[in-house]
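# An overview of the molecular structure
The residues making up each chain are set out below.
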Amino acid sequence: MNHMKVTSPFKFVYFILVAILALQSCSPKSSDSSSTTTSPQPWLVNMNNAQAQSVKDKKPILVYFTSGDTCGLCKQLEADVFSSPMFKEWAEKKVVLFKVDFSILDQLPAGSQEQNTAMARSLKVSTYPTFWMLSVTHEVENGRFKVKPIGYTGYHPSPEKLIGALQNFVRR
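Since the model is a prediction, treat every value here as computed from it, not as a measurement. (Residues numbered from 1 in each chain as written. Predicted model: local features only at pLDDT ≥ 70, side-chain atom pairs only at ≥ 80, totals over all residues. Heavy atoms only, no water.)

Another point: the pairing of strand β4 (residues 144–153). In terms of strand pairing, strand β3 (residues 130–139) meets β4 through 9 bridges, oriented antiparallel. Each bridged residue has a counterpart across the sheet, and for S135 the counterpart in β4 is K148. Linkage of β3 to β4, two consecutive antiparallel strands, is achieved through a turn of 4 residues, within which G143 is found at a positive phi near 75 degrees. (Pairing = 2+ DSSP bridges. Helix = DSSP H or I, 4+ residues; strand = E, 2+ residues; numbered from the N terminus.)

Dropping the structure here:
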């Protein structure tokens, strides 16, 4: 009798994100600051840098999937939520900001398109904006990264509503 092994969907996500991190470590390092100057901390665009910052600060990574040049709701978030003092203060204390951008017109750093596409596929992101909260740890003994998806949400029109949704993930 042939027994099929049932695997968790998170094992697939883990495998894909490990592959992304391995590829990212081989690509040339690029500047991690985005063109957004209103954030309390820059939105990082390199997963290795986000993971290192996450470990250093002992904070989860807030991954923001966007298409900054074509997504109207994303532009509203930039203006109404990310620039607000409330969001800036919360983000500085609670998370590492990581942007996965699918902009068509903006020049993305080397390696970002491949990294972003792989992350969107592994987390099954199909609409913008989407937020994922992740815990990423580095396993020194085997050189791999362990990714634990904590939760996800979509668009929220105000800092209070977005922070309320994300705060539930930070508490876990």
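Our focus in this paragraph is the sheet that holds strand β1 (residues 61–66). Spatial ordering of the open sheet is given by β2-β1-β3-β4, a layout of 4 strands whose pairing is mixed. At either end of the open sheet lies a strand with only one pairing partner, and these are β2 (96–101) and β4. Strand after strand, the sheet turns through a mean of 30 degrees between neighbouring axes, direction not considered. Relative to the sheet, helix α5 (residues 112–122) contacts β1, β2 and β3, its axis offset from that of β2 by approximately 100 degrees. In this fold helix α6 (residues 159–170) packs onto β1, β3 and β4, with an angle of close to 140 degrees to the strand it touches most, β4. (Axes fitted to C-alpha atoms, helices over the stretch in contact; angles between N-to-C directions. Contact = heavy atoms within 4.5 Å.)

Our next topic: the side chain of S54. Among the secondary structure elements, S54 is positioned in helix α2 (residues 47–57). On the accessibility criterion, S54 (6% relative accessible area) is buried. Aside from chain neighbours lying at most four places away, what touches S54 is K59, P60, I61, V96 and V136. (Buried < 20%, exposed > 50% of the residue type's maximum accessible area, 1.4 Å probe, protein only.)

Our focus in this paragraph is α6. With 12 residues, α6 extends 16 Å from end C-alpha to end C-alpha; this agrees with the ideal 16 Å at 1.5 Å per step. Buried within α6 we find P159, L162, I163, A165, L166, Q167 and F169. As for α6, its buried residues are in contact with β1, α3 (72–82), α4 (85–94), β3 and β4. (Expected span 1.5 Å × (residues − 1).)

Of the residues making up α5, those classed as buried are S112, Q115, N116, M119, A120 and S122. Looking down the long axis of α5, one finds its buried residues gathered within 170 degrees of arc, a one-sided arrangement. Along α5, exposed side chains directed more than 90 degrees from the buried face belong to Q113, E114 and R121. The first or second residue beyond α5 is K124, which carries a positive phi of 55 degrees. (Arc of directions from axis to C-beta.)

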